[in-house]
Amino acid sequence: MQELVDRLVADGLVPGGIPLWACYLAAMLLFGGIVVFVFILPIAGITTWVERRVAGRIQSRIGPNRTGPAGFLQWLADGIKSVLKEDIVPSAADVPLFKLAPYVVITGFVAAFVVVPFGGPLIIADLNVGILYLTAVTALVVVGILMAGWASNNKWSLLGGIRSAAQIVSYEIPAGLSFLPVVMLAGTLSMQGIIRHQGWAPWTWHVFDNPFTFLAFFIFFVSALAEGNRTPFDLPEAESELVMGFATEYSGLRNLLFFMAEWGNLYIIGAVVTTLFLGGWQIPLALAEHPVPRTVLQFALFFAKAYFWVFVAVWLRWTLPRIRVDQMMVMCWKYLVPLAFVNLMGTAVWMVLFPAGLGGVRVLLCLCAAGLLGVFARRVVFHIRRARLTRQDLSFNPLSTARVIG
Amino acid sequence: MSLTGFEVEIQREVDGGLSTEDMTLSMGPQHPSTHGVLRFVVRADGEVMKEAIPDIGYLHRSIEKIAEKVGWHGFMPYTDRVDYVAAMFCNQGWAMAGERLAGIEVPKRSEYCRVIAAEFNRIQSHLLSVGSMAMDIGAYTPFTHALREREYINDLIEELCGARLTFNYMRIGGVAWDIPPGWREKALAYVERFEPLIDEYNALISYNKIYTERLGNVAVITAQEAIEYNLVGPNLRGSGVRYDVRRDEPYSVYPELDFDIPVGTGEMGTVGDCFDRYIVRMREMKESCKILRQCLQGLPPGPVIAKVARNFKPPAGDCYVRVESARGDMGWYVVSDGTAFPHRCKIRTGSFAAMSIIQKVSRNLMIADLIAVIASFDLVAPEIDR
């Protein structure tokens, strides 16, 4: 942020006479405001639209297509609807807690954006405890959900709240243990510092640094999904089991806040994964010299990378069933936590053995990942093609297309 | 706690000064995964159920009593409402009861029409069952894919008899309408299209790791228990008992047809677990395709309904007719006193029997498992209460 302001001052774009600190403060506040109102709130909404369109494609239906082009404004319509709905507070509820809970959840979610980078100079505050701060404030969401579950005075909500507490607290351990290798590599907790430690090329990314970080990446993504209550870990609001879990009794704006936090969290998951493992906003320096186009490019790249993981999460949600509570716990404590510990130790040993890293291993892991993606893409394409072949006519309708066979 | 309708005693266990209390949950009648108005009173210790007591009667509409008031022909539309997901079988049961009492010979073509309609209905019902089972486990996509296929069958049946859900297609003595021109080809084309889709469906969800983990070894019912609790249909066959009314007590033209009876093999755990009950339905759809192809290709010419008096008065006597419904052996006990109204009608349905074993198998399962168990029994609420 400072660098950008310095450059703007040097270029004479800022009127003279304003002290430098005021420029910094104004830039920070402006950017914070922009992030909250122009970025966070719409991103949560647009993600719901993306999710519904993608789900429609996956489920062989259309999805929202009435409001705006391709139903793009559906999220706005839904938001307005939710705001206008009656805000029902159950008479048996613990009213102050019930009313407070959604705000706690949304605070945890919005506060996380403070350290989420958007581009080279674009970050609200590059705290030196960045990733640690992020883990801490996202844990606030548990408090809110537990509050909602308890205050609703509804047994389904309570079960949802308990599940959520168990789940998020458990999965924070593998998540924390798998970002530690990255912190060790980068030697800093600051989000921008971690990104600066990587380069634009895939083989300089942390995920490909050594086999342990490669594994840590997957553990982190799975744990992050679990922390974000996404399928296959959407137990706290498991619709077919707990009606709507902790949000059962909520309506109107409060319900909207819960779900905004959930969908916005998806973007945070993507952004954090991109920051820690996938090179963040790093672009080849030669592409743009001036800070403004460079920042735009960096933002675009970072957003694309982060949103790809949002898409993956959506894709997973509409593909996988939900796991059971005990299976979720077994997966966390019996598999992910020990593996994450192995990763941590392994990275430490690796760093001692090869302080400068091994270029060969990096390239090999890169190729590995490319191979994995290739095999996966081939399988998907194969299935799509086979489905086309077996169906021949996707719009088959026995009433309109009578074809005589044999 | 009389709010539950049951006297569920609250257990207080004093353990080192900390008293714990079981949670009594009322699951239903309005709950997303009880498929209609079912209710379970669940006594749970956290996530682990100690007991799930089924509570039935929310959809009791006195259908059996109505039979005594509306006469033989007039009751046919009501039979649709016994099991709205698989109404053809109820039609067929009632028609066969009347025919057996009066000793009516049904024309061959109408028997074929009945089997075709019934097997389409079986696929339709199983699609809904396996689709909603996947949805209850948390995978929404298979449900929409299953319903897409079900829509086509609805279209076909609509063209056959004018209704998509409550068919009122059969009559005592035959069926109401002959197969419309061109319908046979459409139906054959559909069967050709649908059969490979079952494999696709299996690839989509059936052998998904999470799915098999959720269903394998859950709520195991041994063959012995299944017989003791009078389970029928896919629920019985899931426990490894090869019993199917279509083969063991043949009716209609089933003896002339070639088909297998799939049973549970315990491939994802133990014989008789939820997965077996699920996969048996998937395989039955394939068998139904086989039957449909044979029937559609070998459809004989002739009339579709025998001459039956409008004022139908079967001679006094009683009969018990079995039909293999989508939910298993459906029994119709009908007593005639020689008048224009049946003296008594008693319907024995598969869901009712399945409901009785839930209390036993649900002990010490997780709450999430109860959902899987309900779905695996393919309960249809109106069929339980009638």
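Being a predicted model, the structure only gives us computed values, none of them experimental.

Novice: Even after reading the chapter, I still don't get the overall build of chain B, so can you show me in this structure?
Specialist: What chain B contains, in helices and strands, is 14 helices and 10 strands. By the compact-globule yardstick of 21 Å for 386 residues, chain B fits well, its C-alpha radius of gyration being 22 Å. Seen along its three principal axes, the alpha-carbon backbone of chain B occupies a region of about 80 × 50 × 35 Å. Counting all 386 residues of chain B, 52% fall into the buried class. When contacts within chain B are restricted to residue pairs at least 6 apart in sequence, long-range pairs at least 24 apart make up 70% of them.

Novice: Sorry, what's going on with the overall build of chain A here?
Specialist: Within chain A, the regular secondary structure consists of 14 helices and zero strands. Written out in order from the N terminus, the α and β elements of chain A read α-α-α-α-α-α-α-α-α-α-α-α-α-α. Here chain A has a C-alpha radius of gyration of 23 Å; the compact-globule value for 406 residues is 22 Å, and the two agree. Referenced to the eigenvectors of the C-alpha coordinate spread, the extents of chain A come out at roughly 70 × 60 × 45 Å. Long-range pairs, those at least 24 residues apart, make up 78% of the contacts in chain A with a sequence separation of at least 6.

Novice: For this particular structure, what's the right way to read the sheet that holds strand 5 (residues 48-55) of chain B?
Specialist: Backbone-to-backbone hydrogen bonds join strands into a sheet, with any given pair of strands oriented parallel or antiparallel. Residues and elements named next belong to chain B. Taken in spatial order, the three strands of this open sheet run 3-4-5, and their pairing is antiparallel. Every interior strand has two partners, whereas the edge strands, strand 3 (23-27) and strand 5, have only one. When the angles between neighbouring strand axes are averaged without regard to direction, this sheet yields 20°. Across the sheet, helix 13 (residues 367-377) is in contact with strand 4 (39-45) and strand 5; its angle to strand 4 comes to roughly 150°.

Novice: Mind showing me how you'd approach unusual backbone geometry here?
Specialist: Across residues other than glycine, the phi torsion is negative in most instances, and most of the peptide bonds are trans. Residues and elements named next belong to chain B. In this model, N217 sits at a positive phi of 65°, which is unusual for a non-glycine residue. Within the fold, N217 resides in the loop between helix 7 (209-215) and helix 8 (223-228). On the basis of neighbour counts, which here come to 16 C-beta atoms within 10 Å, the residue N217 falls in the partly exposed class. Unlike most non-glycine residues, N230 shows phi in positive territory, near 65°. Turning to its location among the elements, N230 is positioned in the loop between helix 8 and helix 9 (233-238).

Novice: In this structure, what is going on with the packing of helix 9 (residues 211-227) of chain A against helix 11 (residues 252-277) of chain A? I would like to understand it.
Specialist: The geometry of a pair of packed helices is captured by two quantities: the angle between their axes and the separation between those axes. Residue and element names in this part refer to chain A. With their axes 10 Å apart at the nearest point, helix 9 and helix 11 run at an angle of 160° to one another. With respect to helix 11, the axis of helix 9 lies roughly antiparallel. The two elements helix 9 and helix 11 cross, and the hand of that crossing is right-handed. Counted together, F217, F220, F221, A224 and L225 of helix 9 and I269, V272, V273, L276 and F277 of helix 11 form the full contact between these two elements. For the contact of helix 9 with helix 11, a count of residues per class yields 10 nonpolar, no polar and no charged.

Novice: Explanation requested: the environment of Y267(A) in the structure shown.
Specialist: Residue and element names in this part refer to chain A. Counting through the fold element by element, Y267 comes out in helix 11. Residues Y267 and V89 lie 178 residues apart in sequence; the distance between their C-alpha atoms is 30 Å. Ignoring any residue separated from it by four or fewer positions in sequence, one finds Y267 in contact with I43, T47, A306 and V310.

Novice: I keep staring at the domain arrangement of chain B and nothing clicks. Help me out?
Specialist: Many analyses report the size of an interface as the accessible area lost when the parts associate. All names here are of chain B. When cut into domains, chain B gives domain 1 (2-55) and domain 2 (63-385). Using only C-alpha atoms to locate each centre, domain 1 and domain 2 end up separated by 32 Å. Taken together, the contacts link 17 residues of domain 1 with 17 residues of domain 2. Listing elements by their share of the side of domain 1 that touches domain 2, those giving two or more residues are strand 4 and strand 5. Element by element, the count of residues in the side of domain 1 that touches domain 2 is highest for strand 5, at seven residues. Partitioning the side of domain 1 that touches domain 2 into residue classes produces 10 nonpolar, four polar and three charged.

Novice: Would you mind showing me how to read the interface of chain B and chain A here?
Specialist: Contacts between the two partners involve 40 residues from chain B, matched on the other side by 32 residues from chain A. Elements with a minimum of two residues in the side of chain B that touches chain A: strand 3, helix 4 (108-137), helix 5 (141-161), helix 6 (183-206), helix 7 and helix 13 of chain B. If you tally residues by element for the side of chain B that touches chain A, the top one is helix 6 of chain B, at nine residues.

Novice: What's the story with the pairing of strand 8 (residues 317-325) of chain B in this structure? I'm lost.
Specialist: It is a general feature of regular strands that their side chains alternate between the two faces of the sheet. Residues and elements named next belong to chain B. Across nine bridges, strand 8 lies against strand 9 (residues 328-336) in antiparallel orientation. Considered in strand 9, the bridge of C319 is made with V334. Between strand 8 and the antiparallel strand that follows it, strand 9, lie two residues.

Novice: Explanation requested: the sheet that holds strand 8 of chain B in the structure shown.
Specialist: Residues and elements named next belong to chain B. Overall, antiparallel pairing links the three strands, which are arranged 8-9-10 in an open sheet. Each having just a single partner strand, strand 8 and strand 10 (342-348) make up the two edges of the open sheet. Neighbour-to-neighbour, the strand axes of the sheet open up by a mean angle of 15°, direction not taken into account.

Novice: Quick question: what am I supposed to make of the pairing of strand 10 of chain B here?
Specialist: Residue and element names in this part refer to chain B. Bridge analysis of strand 9 against strand 10 gives six bridges, and the strand direction is antiparallel. Looking at the pairing, V334 lines up with C345 of strand 10. Following strand 9, the chain reverses through five residues before pairing antiparallel with strand 10; G338 in that reversal takes a positive phi of roughly 85°.

Novice: Explain the nonpolar core to me, please; I cannot follow it from the model alone.
Specialist: A general feature of soluble globular proteins is that nonpolar side chains tend to end up buried together. One finds V105(A), F220(A), V273(A), V42(B) and L370(B) to be the most contacted residues of the largest nonpolar core, which totals 215 residues. Among all residues touching L370(B), those that are not within four sequence positions of it are F40(B), V42(B), M49(B), A52(B), S362(B) and L365(B).

Novice: How should I be thinking about helix 13 (residues 325-353) of chain A in this particular structure?
Specialist: What sets the pattern is the α-helix's 3.6 residues per turn: residues three or four places apart point alike. For helix 13 of chain A, built from 29 residues, the straight-helix expectation of 42 Å at 1.5 Å per residue is met to within 8% by its first-to-last C-alpha distance of 40 Å. The largest bend along helix 13 of chain A measures about 35° and falls at L336(A), with the proline P338(A) one to four residues further on. All buried positions along helix 13 of chain A are accounted for by V325(A), M328(A), M331(A), C332(A), L336(A), A340(A), N343(A), T347(A) and W350(A). Here the buried face of helix 13 of chain A lies against helix 7 (155-186) and helix 9 of chain A together with helix 13 of chain B.

Novice: Sorry, what's going on with the confidence of the model for chain A here?
Specialist: Low pLDDT means the predicted coordinates in that region are not meant to be read closely. Per-chain confidence: chain A averages 82 in pLDDT, with 92% of residues scoring 70 or above. Ignoring residues within four places in sequence, the model shows residues 400-406 of chain A, a span with pLDDT below 50, making 11 contacts including any to other chains.

Novice: Would you mind showing me how to read helix 5 of chain B here?
Specialist: Given a rise of 1.5 Å per residue, 21 residues ought to cover 30 Å, and the 30 Å separating the end C-alpha atoms of helix 5 of chain B matches this to within 8%. Those residues of helix 5 of chain B that fall on the buried side of the exposure criterion are T141(B), P142(B), F143(B), H145(B), A146(B), E149(B), I153(B), L156(B), I157(B) and L160(B). Where helix 5 of chain B is buried, its residues contact helix 2 (20-58) of chain A together with helix 4 and helix 6 of chain B. Two residues or fewer after helix 5 of chain B comes G162(B), characterised by a positive phi angle close to 85°.

Novice: Explain the packing of helix 3 (residues 87-102) of chain B against helix 4 of chain B to me, please; I cannot follow it from the model alone.
Specialist: Residues and elements named next belong to chain B. Packing of helix 3 against helix 4 leaves a shortest axis separation of 8 Å and a crossing angle of 145°. Side by side, helix 3 and helix 4 meet where M88, F89 and Q92 of the first sit next to R114, A117, A118 and N121 of the second. Across the contact of helix 3 with helix 4, the residue classes break down as four nonpolar, two polar and one charged.

So, how was this worked out
- Residues numbered from 1 in each chain as written.
- Chains lettered and ligands numbered in written order.
- Predicted model: local features only at pLDDT ≥ 70, side-chain atom pairs only at ≥ 80, totals over all residues.
- Helix = DSSP H or I, 4+ residues; strand = E, 2+ residues; numbered from the N terminus.
- Rg over C-alpha atoms; globule rule 2.2 N^0.38 Å.
- Buried ≥ 20, exposed ≤ 12 C-beta atoms within 10 Å, placed from the backbone.
- Contact = placed C-beta atoms within 7 Å.
- Pairing = 2+ DSSP bridges.
- Axes fitted to C-alpha atoms, helices over the stretch in contact; angles between N-to-C directions.
- Parallel < 35°, antiparallel > 145°, perpendicular 65-115°, else oblique.
- Left-handed = near helix turned anticlockwise from the far one by under 90°.
- Nonpolar A, V, L, I, M, F, W, Y, C, P; charged D, E, K, R; others polar.
- Domains from an automatic or database assignment.
- Core = buried A, V, L, I, M, F, W, Y, C linked by C-beta atoms within 7 Å.
- Expected span 1.5 Å × (residues − 1).
- Bend = angle between axes of the 7 residues up to and from the residue.
- pLDDT = per-residue confidence, 0-100.

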